[in-house]
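A closer look at the structure
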Amino acid sequence: MVKCPSKQVSHSFDSKSSQFPPVEEDKSTAPFVSALKAYAERNAAGFTFPGHNRGMAAPPLLEQLIGKGPFHHDLAELDNFFSPKGAILDAQKKAAELFGATETWFLVGGTTCGVEASIMSTCSPGDTLILTRNSHTSAISGMVLSGALPKYMIPEYNTSWGIADWIKLDQVVKAIDELHEEGKEPAAVLITSPTYHGICSDLEKIIDLCHKQQIPVIIDEAHGAHFKFDCRLPSTALEQGADLVIQSTHKVLCSFSQSSMLHLSGSMVDRERISRCLQTLQSTSPSYLLLASLDATRAQLSKNPYTIFDTAILLAHQLADEVQTSIPNASVLESADFEGMPKKDPLHVTIDTWKLGVPGYDAYKILREEYDIIPELRSQKSLTFAVSLGTCREHVQRVVHGIKDMAAMHGLDNPDQAMINHYECLPFGEISIKLSPREAFFANKRRINVDESLGETCGELICTFPPGIPVLIPGEVMTQNPLSYLLNARDGGAVISGAADSHLHSIVVCDI
Ligand SMILES: Cc1ncc(COP(=O)(O)O)c(C=O)c1O
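The residue numbers shown here count from 1 along each chain, following its written sequence. Totals for whole chains, interfaces and linings use all residues, but because this is a predicted model, local features are given only for residues with pLDDT of at least 70 and pairs of side-chain atoms are given and counted only at 80 or more. Hydrogens are left out, water is left out, and the side-chain values use all remaining heavy atoms of the structure.

As a further point, take the packing of aromatic side chains. Two rings from Phe, Tyr or Trp (for Trp, the six-membered ring) form a pair when their centres are within 6.5 Å of each other. A pair whose planes differ by under 30 degrees is stacked, one over 60 is edge-to-face, and the rest are tilted. Within this structure, the stated rule accounts for four aromatic pairs. With centroids separated by 5.1 Å and ring planes inclined at 80 degrees, the aromatic side chains of F32 and Y288 adopt a geometry described as edge-to-face. Of the two residues, F32 is situated in helix α1 (residues 31–41) and Y288 in helix α10 (residues 288–303); the sequence distance between them amounts to 256 residues. Overall, the relative accessible area of 1% leaves F32 in the buried class. In this analysis the charged atom, NZ for Lys or CZ for Arg, is taken to sit over a ring once it is within 6 Å of the ring centre and within 35 degrees of the ring normal. Directly above the ring of Y364 sits R378, whose terminal nitrogen or CZ lies 4.0 Å from the centroid. By the criteria applied, helices consist of DSSP H or I runs no shorter than four residues and strands consist of E runs no shorter than two, each listed in order from the N terminus. For every residue, the accessible area (1.4 Å probe, protein chains only) is compared with the maximum for its type, and the residue is labelled buried under 20%, exposed over 50%, or partly exposed between those bounds.

Structure below.
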């Protein structure tokens with residue numbers, strides 16, 4: 001069976017077809033969900049935790065909010081999360097089969113803990129990890145935990161959008177060559193693909209290159225868990241040969257927040273070491289509701305793997321088309337905005353609000369407060385709308401109408417003149433590293449006035465949230481660009497995360 005059998009001819013941009021496991025007779029089979037249901041139905045005399053005892057002592061306020069059902073299923077003892085032999089193992093095996101992995105682990109600490117575990121299972125203290133500088137915060141935590149040293153690839157920036165470009169094969173080659181010149185071998189390569197904006201790198205070529213040199217490749221596919229399920233979507237990292245892939249099943253797919261999957265392919269990375277790392281990072285009391293939501297999401301996809309995203313893709317195209325055709329000056333991010341980019345996720349629709357005369361942070365606030373529309377991501381120049389299985393036509397129409405109205409009511413007549421220079425700086429440029437992430441994490445710190453911070457060694461990881469991509473990383477020398485970027489974002493209304501002083505009047509630096 002192929003990824004998109006009925007549509008192969010009509011979609012020229014995915015030559016790859018992929019196999020799904022045979023469709024089950026009872027397509028809704030979900031081993032963990034079934035076991036949980038049966039277990040919850042027993043009239044057991046429970047002397048176990050949690051103390052609400054299947055809802056008998058549920059906190060009334062929460063019960064009023066969510067009902068008794070979640071409490072009734074908030075159980076333990078069905079299987080061992082770290083050495084699964086029963087329902088958890090069966091559910092994970094089914095997920096591995098569907099997503100095309102050798103082995104899959106369910107995660108209850110989000111993709112965050114999967115990225116950390118992937119770095120810890122490939123890098124030992126002193127090893128070098130090649131990674132993109134616009135990696136998620138969890139990559140820095142992974143280096144603190146493992147003691148790995150970063151070798152960054154700096155993405156180019158599309159300045160008219162203020163959005164990072166895809167990672168090119170040349171950049172990986174350059175990073176490996178530079179390490180070789182220093183007499184070092186990389187322990188692993190970590191790439192985020194797709195990015196929060198749906199930008200995909202050409203993973204197949206990069207992975208091929210790395211594998212020829214026995215370098216394992218980790219792909220942070222937090223935003224691409226749905227790619228397998230329609231041939232109009234980009235190829236998955238597993239299809240392109242990645243060794244470790246971490247997906248936020250709770251993003252475009254439908255599991256509960258905090259639940260993710262870590263997929264292993266092949267034998268380049270030691271599965272026992274991954275297990276040990278996950279045991280180090282995750283709770284010994286995983287929420288069965290989260291695990292059940294992963295199993296149920298997998299079953300939802302298995303039931304209808306070829307057409308499940310038809311409506312979502314249609315709605316995403318409608319959103320993009322209607323914004324562009326009905327709103328003067330509106331533009332939507334497209335593959336063509338990034339020269340040579342293999343593919344972009346159509347379900348992440350990024351709209352340029354800057355050209356409409358409304359900075360992205362202001363547009364977010366206006367849409368939220370005046371139109372009850374909540375975009376997924378805001379930045380200085382744009383808003384990103386995540387279209388998913390739960391999106392409906394009426395909401396798409398509300399966005400089109402809301403943006404049109406907002407532009408008419410709030411847009412500056414001459415946006416470029418009013419806003420130019422204000423947001424020109426990019427988050428990263430040249431990087432000078434004084435301390436490794438781990439050294440910086442444990443170094444003594446002091447807090448200084450932000451005006452005195454240039455040239456100091458940064459002591460805290462600071463980002464705008466979302467997207468949670470660190471602009472300042474502990475151990476790096478403080479320079480003007482990232483600082484100005486953060487100050488502008490703060491002034492524009494971004495949420496600043498990770499700084500002891502979220503107003504950024506002061507900043508924590510390493511005392512060296
Ligand atoms: C690229 C990327 N990687 C990792 C994460 C962390 O994922 P999670 O929220 O599942 O822990 C995020 C979160 O937004 C992300 O955008």
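Still more to cover.
This part is about helix α13 (residues 393–410). Spanning 18 residues, α13 covers 25 Å between terminal C-alpha atoms, matching the ideal 26 Å at 1.5 Å per step. Buried residues of α13: V396, V399, V400, G402, I403, M406 and A407, and no others. Looking straight down α13, one finds that the buried residues subtend no more than 165 degrees of arc, so they occupy a single side. Every exposed residue of α13 that faces more than 90 degrees away from the buried side is listed here: A408 and M409. Looking at the packing, one finds that the buried side of α13 touches α11 (310–326), β10 (348–352), α12 (360–371) and β12 (382–386). Here the expected span of a helix is defined as 1.5 Å times the quantity of residues minus one. As used here, the arc belongs to the directions running from the helix axis to the C-beta atoms. Here, two residues are considered to be in contact whenever any of their heavy atoms come within 4.5 Å of each other.

With that settled, the discussion passes to empty space enclosed by the protein. Cavity means a closed set of points on a 1 Å grid over the protein atoms alone, one where a 1.4 Å probe fits but cannot get out, pocket means an open set with protein on both sides within 12 Å along at least 5 of 7 lines, and lining means a residue has an atom within 4 Å of a point. Grid points are joined across faces, edges and corners, and a volume is the space filled by probe spheres set on the points. All chains considered together, the criterion is met by four cavities of 30 Å³ or more. If you add up the space inside the second largest cavity, you get close to 100 Å³. Taken together, the residues of the lining of the second largest cavity break down into nine nonpolar, three polar and three charged. Residue polarity is assigned by list, with Asp, Glu, Lys and Arg as charged and Ala, Val, Leu, Ile, Met, Phe, Trp, Tyr, Cys and Pro as nonpolar; anything else, Gly included, falls into the polar class.

So, on to unusual backbone geometry. That bond from F49 to P50 is cis: its omega, -5 degrees, falls within 30 degrees of zero. Here P50 is to be found in the loop between α1 and α2 (60–66). Residue P466 is reached from F465 by a cis peptide bond, and omega for that bond is -15 degrees. Structurally, P466 is set in the loop between β14 (462–464) and β15 (469–472). Of note in this structure, E77 is not a glycine but carries a positive phi near 70 degrees.

This brings us to the environment of A407. Along the chain, the position of A407 falls in helix α13. Remark: the alpha-carbon pair of A407 and A363, spanning 44 residues in sequence, is separated by 8.9 Å.

Attention shifts here to the site of the ligand. Neighbouring the ligand are 13 residues; T111, T112, D220, H223 and H250 lie closest to it. The separation between an oxygen atom of the ligand and a polar side-chain atom of T112 is 2.6 Å. A distance of 2.6 Å separates a nitrogen atom of the ligand from a polar side-chain atom of D220. If the ligand stood free it would expose 390 Å²; the protein chains cover 87% of that surface. Counting residues per element, the shell around the ligand draws most heavily on helix α5 (residues 110–122), which supplies three residues. Nearness is judged by heavy atoms alone; a residue qualifies as near a molecule or strand once a single heavy atom is within 4 Å of it. Definition of a polar contact: a pair of N or O atoms within 3.5 Å, with one able to donate and the other able to accept a hydrogen when the atoms are protein atoms, and with sequence-neighbouring residues admitted only if both atoms are side-chain atoms. The Shrake-Rupley method, run with a 1.4 Å probe sphere, supplies the accessible areas, and residue values consider only the shown protein chains as cover.

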